[in-house]
Amino acid sequence: MTREEFEELVAEALDRIPPELTRLMDNVAVFVEDEPPSDDPELLGLYEGTPLTDRGEWYAGVLPDRITIYRGPTLRMCESREDVVAETEVTVVHEIAHHFGIDDERLHELGYG
């Protein structure tokens, strides 16, 4: 799968997030990278920033939170295009949930681990 095709899958996954949630997202940008940091080669996605639940009066003038979805590990772990579509959607939802302050333990309980 080309990078462009994978980027389109990420965009489609973002489009499936309910509008009532996307309206609440604030100061966050989503990126696609080919590979994660070398110290975590199987990482599918990464949220970097300050979750909405941790922001206070001090939160102003900061760079956007960053969600990165990694193409390489996703393609390596999936056996079919359908698997890539499903895993990409789970990863996008997982990382957006971190933006809303939901931790890994709760995401695993919800099936987005």
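Check the entry above for the structure.
For the structure given in this document, a descriptive report is provided here. All residue numbers here refer to positions counted from 1 along the written sequence of the relevant chain. Whole-chain, interface and lining totals are the exception, using all residues; otherwise, since this is a predicted model, local features are given only for residues with pLDDT of at least 70 and side-chain atom pairs are given and counted only at 80 or more. Heavy atoms from the whole structure form the basis of all side-chain values; hydrogens and water molecules are not counted.

1. Some details on the overall build of the chain
What counts as a helix is a DSSP run of H or I of at least four residues, what counts as a strand is a run of E of at least two, and both are numbered from the N terminus. Assigned secondary structure in the chain consists of five helices and three strands. Sequence-ordered secondary structure for the chain, helices as α and strands as β, is α-α-β-β-β-α-α-α. Taking 113 residues into account, the globule formula puts the C-alpha radius of gyration at 13 Å, and the chain, at 14 Å, falls close to it. Referenced to the eigenvectors of the C-alpha coordinate spread, the extents of the chain come out at roughly 45 × 30 × 25 Å. Throughout, radius of gyration means the C-alpha value; the globule benchmark is 2.2 Å times the number of residues raised to the power 0.38.

2. Some remarks on the nonpolar core
Here, the term nonpolar core denotes a set of buried Ala, Val, Leu, Ile, Met, Phe, Trp, Tyr and Cys residues that are joined through side-chain atoms within 4.5 Å. Think of it in three bands: residues with accessible area under 20% of the maximum for their type are buried, residues over 50% are exposed, and the middle band is partly exposed, with areas taken using a 1.4 Å probe on protein chains only. Ranked by size, the top nonpolar core spans 15 residues in total, and within it F6, V10, I67, I69, V84, V92 and I96 carry the most contacts. For this core, the secondary-structure elements that each account for two or more residues are α1 (3–15), β3 (65–70) and α4 (81–99). In terms of residue count, α1 provides more of this core than any other element does, four residues in total.

3. Regarding the sheet that holds strand β2 (residues 45–48)
By definition, the strands of a sheet pair up through backbone hydrogen bonds, in either a parallel or an antiparallel sense. Only strands joined by at least two bridges in the DSSP assignment are considered to pair. Ordered by their spatial adjacency, three strands build an open sheet running β1-β3-β2, and the pairing between neighbours is mixed. Of all strands in the sheet, those bounded by a partner on one side alone are β1 (28–33) and β2. Direction aside, neighbouring strands of the sheet carry axes that sit 15 degrees apart on average. Note on definitions: a residue-residue contact is assigned when non-hydrogen atoms from the two residues lie within 4.5 Å. Between the N-to-C directions of two axes lies an angle of 0 to 180 degrees, each axis being a line fitted to C-alpha atoms and, for a helix, fitted only over the stretch in contact. In this fold α1 packs onto β1 and β3, with an angle of close to 150 degrees to the strand it touches most, β1.

4. Here's the deal with unusual backbone geometry
Within the chain, N27 stands out as a residue other than glycine whose phi angle is a positive 55 degrees. By the secondary structure assignment, N27 is in the loop between α2 (19–22) and β1.

5. Structural notes on α1
For α1, which comprises 13 residues, the first-to-last C-alpha distance of 18 Å matches the rise-based estimate of 18 Å (1.5 Å per residue) to within 8%. Burial in α1 covers these residues: F6, L9, V10 and A13. Viewed end-on, α1 has its buried residues packed into an arc of 95 degrees, placing them on one side of the element. The exposed set on the far side of α1, more than 90 degrees from its buried face, consists of E4 and D15. Here the expected length of a helix is defined as 1.5 Å per residue gap, with one fewer gap than residues. Taking the helix axis as origin, the arc is that swept by the directions to the C-beta atoms.

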